[in-house]
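What the coordinates show
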Amino acid sequence: MKLKAGLVAGLIGVAGAAAGTPNIVFIFSDDHSIQTIGAYGARLSEFCRQQNVTPNIDRLAAAGALFPNSFCGNSICSPSRASVLTGLHSSSNGVPTLGLPVRAGTWMYPAAVRAAGYQTAALGKWHLGNTPANTDYWRLFPGQGNYWNPTVLGPGGEEKLTGYATDLLTDLGLAWLKQRDKNKPFMLLLHHKAPHRPWEPPTRYYRWLADVKIPEPPTLFDDYRGRGTAAHAQKLEIGRDMTLASDLKVRAGKGEHAAEFEAAFGTRNAAFEKAKLEGPALTRWKYQEYVKDYLRCVKAVDDSVGRVLDYLKAEGLEENTVVVYASDQGFYMGEHGWFDKRWIYEESLHMPLIIRWPGVVKPGSRPTPLVQNIDYAATFVEIVGGKIPDGLHGRSLVPILRGETPADWRKSLYYHYYDPGHGVMKHYGVRTDRYTLAHFYPVKEWELYDLEKDPQQLRSLHAESAYASTLTGLQAELERLRQRYEPGFDPQAPATPPPAEGRKKKAGKKKQ
Ligand code: CA
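The structure contained in this document is the topic of the report that follows. (Residues numbered from 1 in each chain as written. Predicted model: local features only at pLDDT ≥ 70, side-chain atom pairs only at ≥ 80, totals over all residues. Heavy atoms only, no water.)

**Regarding the overall build of the chain**
As a reminder, the rule being used: By the criteria applied, helices consist of DSSP H or I runs no shorter than four residues and strands consist of E runs no shorter than two, each listed in order from the N terminus. Each residue gets one of three labels from its accessible area relative to the maximum for its type: buried under 20%, exposed over 50%, partly exposed in between, using a 1.4 Å probe on protein chains only. In this analysis, two residues are considered to be in contact whenever any of their non-hydrogen atoms come within 4.5 Å of each other. Here the accessible surface of atoms and residues is derived via Shrake-Rupley with a 1.4 Å probe, and residues count as covered only by protein chains that are part of the display.
Broken down by element type, the chain carries 15 helices and 15 strands. Principal-axis analysis of the C-alpha atoms places the extent of the chain at approximately 65 × 55 × 45 Å. In the chain, which comprises 512 residues, the share counted as buried stands at 60%. Within the chain, residue pairs in contact and separated by at least 24 positions form 69% of the contacts whose partners lie at least 6 positions apart. Taken as a whole, the chain presents about 20000 Å² of accessible surface, with 55% of it coming from carbon and sulfur.

**Re the side chain of serine 90**
Defined as follows: Two N or O atoms count as a polar contact when they lie within 3.5 Å, although within protein this holds only if one can serve as hydrogen donor and the other as acceptor, and sequence-adjacent residues are included solely when both atoms are side-chain atoms.
Its location among the elements puts serine 90 in helix 5 (residues 90–93). On the accessibility criterion, serine 90 (6% relative accessible area) is buried. Of the polar contacts made by the side chain of serine 90, one reaches the side chain of asparagine 74; its length is 3.0 Å. Non-local contacts of serine 90, meaning those with residues more than four positions away in its chain, are made with Asn74, Pro79, Ser83, Val95, Pro96 and Tyr418.

**Here's the deal with the coordination of the calcium ion**
In ideal tetrahedral geometry, four donors around a metal make angles of 109.5 degrees, whereas ideal octahedral geometry with six donors gives angles of 90 or 180 degrees. The cut-off we apply is this: Here the coordinating atoms are restricted to nitrogen, oxygen and sulfur within 2.8 Å of the metal centre, or 3.2 Å for Na, K and Ca, and because water is not among them the sites may look incomplete.
Every protein donor of the calcium ion is accounted for by Asp30 (OD), Asp31 (OD), Cys77 (SG), Asp328 (OD), Asp328 (OD) and Gln329 (OE1), and the metal-donor separations fall at 2.1 to 2.6 Å. Sequence positions of the donors to the calcium ion reduce to the motif D-D-x45-C-x250-D-Q. Taken together, the residues aspartate 31 in the loop between strand 1 (23–29) and helix 2 (45–51) and cysteine 77 in helix 4 (residues 77–86) connect sequence positions 46 residues apart. An identical accessibility class is assigned to aspartate 31 and cysteine 77; each is buried.

**Quick notes on the sheet that holds strand 14 (residues 435–440)**
We apply this condition: The rule for pairing is simple: two strands pair if DSSP sees at least two bridges between them. As a rule, the C-alpha atoms of each element are fitted with a line to give its axis, helices using only the stretch in contact, and angles between N-to-C directions run from 0 to 180 degrees.
Read across the sheet, 4 strands follow the order 12-13-14-15 without closing on themselves; strand pairing throughout is antiparallel. Strand pairing shows two members of the sheet lacking a second neighbour, strand 12 (413–417) and strand 15 (445–450), which therefore form its edges. Strand-to-strand twist across the sheet, computed as the mean angle between neighbouring axes with direction ignored, equals 15°. Pairing analysis gives 4 bridges linking strand 13 (residues 427–431) to strand 14, with the strands arranged antiparallel. Bridge pairing links valine 430 to leucine 437 in strand 14.

**Here we look at helix 15 (residues 468–485)**
Selection criterion: Working rule for helices: expected span equals 1.5 Å times residues minus one. It is the directions from the helix axis to the C-beta atoms that the arc portrays.
With 18 residues, helix 15 extends 26 Å between its outermost C-alpha atoms, agreeing within 8% with the 26 Å of an ideal straight helix rising 1.5 Å per residue. The set of residues buried in helix 15 consists of Thr470, Leu471, Leu474, Glu477, Leu478, Leu481, Arg482 and Tyr485. Summarising the axial view, the buried residues of helix 15 lie within an arc of 140°, below the 170-degree limit, and thus occupy one face. The exposed set on the far side of helix 15, more than 90 degrees from its buried face, consists of Ser469 and Thr472.

**As for the pairing of strand 12**
Taking burial as the measure, the 5 residues of strand 12 include 5 buried ones, the bulk of the element. Taking every second residue as pointing to the same face, both faces of strand 12 are buried, with Leu413, Tyr415 and Tyr417 on one and Tyr414 and His416 on the other. Sheet topology note: the strand 12/strand 13 ladder contains 5 bridges and is antiparallel. If you follow tyrosine 417 over to strand 13, its bridge partner there is histidine 427.

**Some points on the nonpolar core**
Rules: We define the nonpolar core as a collection of buried residues of types Ala, Val, Leu, Ile, Met, Phe, Trp, Tyr and Cys that are connected through side-chain atoms lying within 4.5 Å of one another. Segment limits for the domains were obtained from an automatic or database-derived domain assignment.
In this structure, Tyr290, Leu295 and Tyr325 are the most contacted members of the largest nonpolar core, which totals 70 residues. For this core, the element with the highest residue contribution is helix 11 (residues 279–314), accounting for 16 residues. Shared between two domains, this core takes at least three residues from each, and those domains are domain 1 (26–201 + 297–405) and domain 2 (208–215 + 222–287). Leave out the neighbours within four places in its chain, and tyrosine 290 touches Trp199, Ile238, Met242, Leu248, Phe331, Tyr332, Met333, Gly334 and Phe339. In terms of nonpolar packing, the next biggest core, distinct from the first, is built from 66 residues, Cys72, Ile344, Met351 and Leu353 among them.

**Comments concerning unusual backbone geometry**
With an omega of -5°, the peptide bond between alanine 194 and proline 195 qualifies as cis. Looking at where proline 195 falls in the secondary structure, it is placed in the loop between strand 8 (186–191) and helix 8 (229–233). That bond from arginine 197 to proline 198 is cis: its omega, 10°, falls within 30 degrees of zero. With respect to the helices and strands, proline 198 occurs in the loop between strand 8 and helix 8. Here the phi dihedral of aspartate 31 falls at roughly 70°; this positive angle occurs in a residue that is not glycine. Phi is positive for asparagine 134, close to 55°, though the residue is something other than glycine.

Rendered as structure tokens:
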């Protein structure tokens, strides 16, 4: 019987392919760094491969395209999500900081996908002041959502679920797929909370990696020499700013999982209290435990990816479904001594982006063009055969996915960070394939990095005479981008408080 059901579904899938209407599953995690994806070849990738952290995401990459130069335009949750939905930079969609609604009347891709005849579902973390319009089925985590026993908000109000959020969300997604109208193509948005702070893993991974040593970054004890005022003023250092209670689960009750928690971490915590670590030893301990909890959360996300891929295969949907794995920005895994995101610097600027599209994307390809979260909306709409509106900041990635990068594809990216969180100073800037130029306009400081010679961005070259013409050229390019994307922004203007709109918070409490 199973075989027969799979065959029928497969025939429907093939029919869909002939009609040019592939299904889409968009798995979007929160704060997942490229360093912790095996396939990425980033700092911890080799370690992650050895420890089997992301076998299913890696499986997706092997069968599809992995974008090594994929970036956000404003490295925090809500703004990145708004840029994905609208195809616009923060300057134009109403969401420069956290929890705000997308500006009324702004076009968003889900409506276009539904108008193209798709049935659609949006599940999980949304973190915007609006609930999804033009979506057939939606269940969202209010605000940031919780890892355990999360509340989900739907058209009928709130409902409390029992269990672990990453697993529950996958259950909801698969249940929706099972009951869908098989005569119509679908788009499923599976938007995980994990691995966002406070990095609470499922109990099944409490002990995993316990006896493993995570490789330290060479910049764990960065002193920020060679950088400007902003790097010295931040408050996102693992040693100083990461909390023992919530972040590292020392001296914290674990509610209904107290017994499992005590069994897994009781000895560790007792040894920690006894050792009375200070200075570099404390930072090293925190780094190890932070990254382990983060990876345990990532592992659960990877399990989810595996369940979705297995379902698609079992139902004969694999060949006619585009699967996208991405995360809303990058994250620091101890590089520069940091956790969190926000900066135009590499680790937070990167977004993982992997797309499998059988028959279109060459398996194992690594397209190198500079792509950005503003490109997702146009990409989805082109895949479903819808109409891409005029005026988007982003462009469809479909030509790149087909291996035909347009000659006029962008050579530089615009970036602007506006939030005051974690003491990270506002800045805007430009990234090309070789350089990063940032302007920390509250203190009128420039920083310039040559990524070829200084990939860790340890020394700003803005005052070096050998880079004078590079600096001038990049400043002109940044000004061109500002004029195009944000003409109302004057970096020379005196600092002003955010407008009243910037203080509204409809969807939950304000956090990162
Ligand atoms: Ca995020």
